[in-house]
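Topology and contacts: notes
Each chain, written out:
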Amino acid sequence: DQQVKQNSPSLSVQEGRISILNCDYTNSMFDYFLWYKKYPAEGPTFLISISSIKDKNEDGRFTVFLNKSAKHLSLHIVPSQPGDSAVYFCAATAGGTSYGKLTFGQGTILTVHP
Amino acid sequence: ETGVTQSPTHLIKTRGQQVTLRCSSQSGHNTVSWYQQALGQGPQFIFQYYREEENGRGNFPPRFSGLQFPNYSSELNVNALELDDSALYLCASWATGYGNQPQHFGDGTRLSIL
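First, a word on what this report is: a plain description of the structure on this page. The structure displayed is predicted, hence computed values, not measured ones. (Residues numbered from 1 in each chain as written. Chains lettered and ligands numbered in written order. Predicted model: local features only at pLDDT ≥ 70, side-chain atom pairs only at ≥ 80, totals over all residues. Heavy atoms only, no water.)

1. Some thoughts on the interface of chain A and chain B
The interface is formed by 19 residues belonging to chain A together with 19 residues belonging to chain B. With both chains or domains summed, chain A and chain B bury close to 1,600 Å², and 56% of this area falls on carbon and sulfur atoms. Looking at the side of chain A facing chain B, the largest losses of area belong to Pro44, Tyr99 and Phe104 of chain A, adding up to 31% of the total buried there. In this assembly, chain A and chain B are joined by zero salt bridges. In this assembly, chain A and chain B are joined by three residue pairs in polar contact (both at pLDDT 80 or more). (Contact = heavy atoms within 4.5 Å. Buried area = accessible area lost by both parts, 1.4 Å probe. Salt bridge = Lys/Arg side-chain N within 4 Å of Asp/Glu carboxyl O. Polar contact = N/O pair within 3.5 Å; in protein donor to acceptor, adjacent residues only side chain to side chain.)

Spelled out as structure tokens, the structure:
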């Protein structure tokens, strides 16, 4: 039962262009969503999050969009840089006493070419 | 501010053995979660600890157990190791009681079962 899905295993983008990473979820109880970046031999690094009361959150080059009706979120990176090349995971959790259990997607490998 | 640290970095065990992995949470964080990440997959939630008690568990058998200490550091213990236990084990920490916030991860322990 894959409650969080990242359907694109990989994405290749030219430096300076926009990278768009997508994520779908099935559990309507999820109300907090996060994106993490992971380099080899390192743990996941938090990038940006969004609560279900919002539909957009920005932090510098990173913007996350949430479409609750479609149960879909996306991460936009503009402009993309070679240092952004990593595995990106989306994660979701339900609030209240269920907060803490993050459910992750399978990850998308982003490669940004100079 | 000290981040989440895990030890050891790598570990090799044989089937049937027992293992203990350790985690020091980030300064100011009182809650710890453990995750298992198999190759090519997203992290899977094992359990979380708050106030030295387990207060959430994923779909893992009882041979996976944990402890949290008064200083909020934590241990993950796995008994009767199986080949499928080979994975990256990640620890994450955050501060409960401050609303939705991101979990911060350590770099993990790579466990190999021979």
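2. What about the sheet that holds strand E7 (residues 62–67) of chain A?
All names here are of chain A. In space, the five strands of this open sheet follow the order E1-E3-E8-E7-E6, with antiparallel pairing throughout. Two strands bound the open sheet, and with one partner strand each, they are strand E1 (4–5) and strand E6 (56–59). Summarising the sheet, E1 and strand E3 (residues 19–25) pair through two bridges and their orientation is antiparallel. By the bridge assignment, valine 4 is partnered in E3 with tyrosine 25. (Pairing = 2+ DSSP bridges. Helix = DSSP H or I, 4+ residues; strand = E, 2+ residues; numbered from the N terminus.)

3. Some thoughts on the packing of aromatic side chains
Residue and element names in this part refer to chain B. Taken as a whole and assessed by the stated rule, the structure comprises 12 aromatic pairs over all chains. With centroids separated by 5.4 Å and ring planes inclined at 50°, the aromatic side chains of tyrosine 35 and phenylalanine 105 adopt a geometry described as tilted. A residue pair is termed long-range when its members are at least 10 positions apart, and tyrosine 35 in strand E4 (residues 31–37) and phenylalanine 105 in strand E10 (residues 104–105) qualify at 70 residues. When its relative accessible area of 0% is taken as the criterion, tyrosine 35 is described as buried. Ring centres of phenylalanine 47 and tyrosine 49 lie 5.3 Å apart, and the angle between their planes is 90°; this geometry places the pair in the edge-to-face category. Across the pair, tyrosine 49 and phenylalanine 47 agree in class, each one buried. (Phe/Tyr/Trp six-rings, centres within 6.5 Å; stacked < 30°, edge-to-face > 60°. Buried < 20%, exposed > 50% of the residue type's maximum accessible area, 1.4 Å probe, protein only.)

4. Quick word on the side chain of glutamine 103 of chain B
On the secondary structure map, glutamine 103 of chain B appears in the loop between strand E9 (87–94) and E10. Separated by 3.1 Å, the side chains of glutamine 103 of chain B and tyrosine 35 of chain B make a polar contact. For glutamine 103 of chain B, the contacting residues outside a window of four places in its chain are Leu34, Tyr36, Tyr99, Gly100 and Leu102 of chain A together with Ser33, Tyr35, Ala92, Ser93 and Trp94 of chain B.

5. Remarks on unusual backbone geometry
Residues valine 78 of chain A and proline 79 of chain A are joined by a peptide bond in cis, for which omega reads -15°. Its location among the elements puts proline 79 of chain A in the loop between strand E8 (72–77) and strand E9 (86–94). Of the consecutive residues serine 7 of chain B and proline 8 of chain B, the connecting peptide bond is found in the cis state with omega at -10°. The residue proline 8 of chain B is located in the loop between strand E1 (5–7) and strand E2 (10–13) in this model. The backbone of alanine 41 of chain A sits at a positive phi, close to 65°, despite the residue not being glycine. Looking at where alanine 41 of chain A falls in the secondary structure, it is placed in the loop between strand E4 (30–38) and strand E5 (45–51).

6. Quick word on the state of the cysteines
Residues and elements named next belong to chain B. Scanning the entire structure with this criterion turns up two disulfides over all chains. Put simply, cysteine 23 and cysteine 91 are joined by a disulfide, and their sulfur atoms are 1.8 Å apart. Because the torsion about its S-S bond is -60°, the bridge between cysteine 23 and cysteine 91 counts as left-handed. Of the two residues, cysteine 23 is situated in strand E3 (residues 19–24) and cysteine 91 in strand E9; the sequence distance between them amounts to 68 residues. Note on cysteine 23: relative accessible area 2%, which makes it buried. (Disulfide = S-S within 2.5 Å.)

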